[in-house]
Amino acid sequence: DRIALVMDHFVPNKDIKSAEHCKCVREFACRNEITNYFDVGEMGIEHALLPEKGLTVAGDVIIGADSHTCTYGALGAFSTGVGSTDMAAGMATGKAWFKVPSAIKFNLVGKPNKYISGMIGVDGALYKSMEFVGEGIQYLSMDDRFTIANMAIEAGGKNGIFPVDDLAKQYMAEHSKRDYKVYEADADAVYDEEYTIDLSTLKSTIAFPHLPENTKTIDEVGDIKIDQVVIGSCTNGRLEDLKTA
């Protein structure tokens, strides 16, 4: 019951190797009676699916075989991606080894405009816990929070995490029957850095090749021709992306 298997990136199969991989997973899931096995017709982006299925709640420690496993920090869980060996050890023993990360506090204030994004680059939080706090969080939907926590890995972070407020509790009550536990930072917690971000001043940002940190705000783009637009990703892959576009 503590293991979830989601085909995600591998279905539909793009080649024979992917098909063989999925066959192996299916046989393992059936042989070991894995409760939370999601195949074609039930699956989607793992990081959106597991919270919706009520499998991730506040206070959990969650490891996953994809770097964007840090998504579940939106619900106040410690979640992070690991390699195949650590994943196998976790499945077999229920244990994993971590170095406790230092933390960076992001104090969010103000109400965000539409279509805005980040600031610290692809290595600004290497092996650090990205902790998001502040009155600005009240203006962020759960989809917003899942997306922000999901992208902690793209700043080099070990995890991203949000406080468990009324919106998070409402989400868990709607999606899960599991008990949860709320953890909060100590009042005298020490942070490597602290940033205050006024969400109302952020501008829409476009990433250019070949790094996510190679960005320009929308008013800096000028007459650059856009040849291709990709909608949806590991971030959430929801229909809202298409509506926005």
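Visitor: How should I be thinking about the overall build of the protein chain in this particular structure?
Guide: Of the regular secondary structure elements, the protein chain holds 6 helices and 10 strands. A compact globule built from 245 residues would reach a C-alpha radius of gyration of about 18 Å, and the protein chain, at 19 Å, matches this within 12%. Each principal axis of the C-alpha atoms in the protein chain carries an extent, and together these give about 55 × 50 × 35 Å. Buried residues in the protein chain amount to 35% of all 245 residues.

Visitor: Help me understand the packing of aromatic side chains in this model?
Guide: The geometry of an aromatic ring pair is captured by two quantities: the separation of the ring centres and the angle between the planes. Per the stated rule, a full pass over the model turns up 5 aromatic pairs. Residues Phe132 and Phe162 carry aromatic rings whose centres are separated by 5.0 Å and whose planes lie at 20° to one another, so their mutual orientation is stacked. Here Phe132, found in strand E6 (residues 129-133), pairs with Phe162, found in the loop between strand E7 (159-161) and helix H5 (166-175); they are 30 residues apart in sequence, far enough to count as distant. When sorted by exposure, Phe132 lands in the same class as Phe162, which is buried. Ring plane angle 65° and centroid distance 5.4 Å describe the contact between Phe146 and Tyr171, whose orientation is recorded as edge-to-face. You can see Phe146 sitting in helix H4 (residues 142-150) and its partner Tyr171 sitting in helix H5, a full 25 residues away along the chain. A residue is classified by how much of its surface remains accessible, and Tyr171, at 11% relative accessible area, is buried. Site record: aromatic cluster; members linked through ring pairs are Phe106, Phe132, Phe162 and Tyr195. Lying across the ring of Tyr127, Lys99 places its NZ or CZ 4.7 Å from the centre. The positively charged end of Lys216 is found above the aromatic ring belonging to Phe208, 5.9 Å away from the centroid.

Visitor: When you look at the confidence of the model for the protein chain in this model, what are you seeing that I'm missing?
Guide: Low pLDDT means the predicted atomic positions in that stretch should not be read closely. The share of residues in the protein chain with pLDDT of 70 or more is 92%, and the mean pLDDT across the chain is 89. The secondary-structure element of the protein chain with the lowest mean pLDDT is helix H6 (residues 239-244), recorded at 68, while H5 shows the highest, at 97.

Visitor: Teacher, can you tell me more about the environment of Phe78 here?
Guide: Mapped onto the elements of the fold, Phe78 is located in strand E4 (residues 78-81). Considering only alpha carbons, one finds Phe78 and Lys105, 27 residues apart in sequence, at a separation of 15 Å. Residues contacting Phe78, with those up to four places away along its chain left out, are Asp60, Val61, Ile62, Phe98, Lys158 and Asn159.

Visitor: Please explain the sheet that holds strand E8 (residues 193-198) as it appears in this structure.
Guide: Working definition: the strands of a sheet are paired by backbone hydrogen bonds and lie parallel or antiparallel to each other. Pairing is parallel in the open sheet, where 4 strands are placed in the order E7-E6-E5-E8. The open sheet terminates on both sides in strands that have one partner only, identified here as E7 and E8. Between one strand axis and the next, the sheet turns through 20° on average, direction left out of account. Relative to E6, strand E5 (residues 103-109) runs parallel, the two being bridged by 5 bridges. Within E6, the position partnered with Asn107 by the bridge is Val133.

Visitor: Got a minute to help me understand the packing of H4 against H5 in this structure?
Guide: Closest axis-to-axis distance for the H4/H5 pair is 10 Å, and the angle between their directions is 95°. Accordingly, the angle class assigned to the pair H4 and H5 is roughly perpendicular. Where H4 approaches H5, its residues Met142, Arg145 and Phe146 are matched on the opposing element by Leu167, Ala168 and Tyr171. Looking at the contact of H4 with H5 residue by residue, the class counts come to 5 nonpolar, no polar and 1 charged.

Visitor: Looking at this structure, how should I read the pairing of E6?
Guide: Regular strands show a simple pattern: their side chains alternate between the two faces of the sheet. Within E6, 5 of the 5 residues are buried, which leaves it mostly tucked inside the rest of the structure. Neither face of E6 is left uncovered, since the one carrying Ser129, Glu131 and Val133 and the one carrying Met130 and Phe132 both have all their residues buried. Examined bridge by bridge, E6 and E7 share 3 bridges and lie parallel to one another. Residue pairing in the sheet places Met130 in a bridge with Gly160 of E7. The parallel pair E6 and E7, bridged by H4, forms a crossover whose chirality is right-handed.

Visitor: For this particular structure, what's the right way to read the nonpolar core?
Guide: Generally speaking, soluble globular proteins have nonpolar side chains that are buried together. Grouped together as the largest cluster of nonpolar side chains are 26 residues, with contacts concentrated most on Leu75, Phe106, Leu108, Met130, Phe132 and Met142. Looking at this core, the elements that each hand over two or more residues are E5, E6, H4 and H5. What Phe106 contacts, discounting residues up to four positions off in sequence, is Ile120, Met130, Glu131, Phe132, Val133, Tyr195 and Ile197. Judged by nonpolar contacts, the second largest core, of 8 residues, contains Met7, Cys22, Ile34 and Tyr37.

About the thresholds
- Residues numbered from 1 in each chain as written.
- Predicted model: local features only at pLDDT ≥ 70, side-chain atom pairs only at ≥ 80, totals over all residues.
- Heavy atoms only, no water.
- Helix = DSSP H or I, 4+ residues; strand = E, 2+ residues; numbered from the N terminus.
- Rg over C-alpha atoms; globule rule 2.2 N^0.38 Å.
- Buried < 20%, exposed > 50% of the residue type's maximum accessible area, 1.4 Å probe, protein only.
- Phe/Tyr/Trp six-rings, centres within 6.5 Å; stacked < 30°, edge-to-face > 60°.
- Lys NZ or Arg CZ within 6 Å of the ring centre and 35° of its normal.
- pLDDT = per-residue confidence, 0-100.
- Contact = heavy atoms within 4.5 Å.
- Pairing = 2+ DSSP bridges.
- Axes fitted to C-alpha atoms, helices over the stretch in contact; angles between N-to-C directions.
- Parallel < 35°, antiparallel > 145°, perpendicular 65-115°, else oblique.
- Nonpolar A, V, L, I, M, F, W, Y, C, P; charged D, E, K, R; others polar.
- Right-handed = clockwise from strand over helix to strand, strands pointing away.
- Core = buried A, V, L, I, M, F, W, Y, C linked by side-chain atoms within 4.5 Å.

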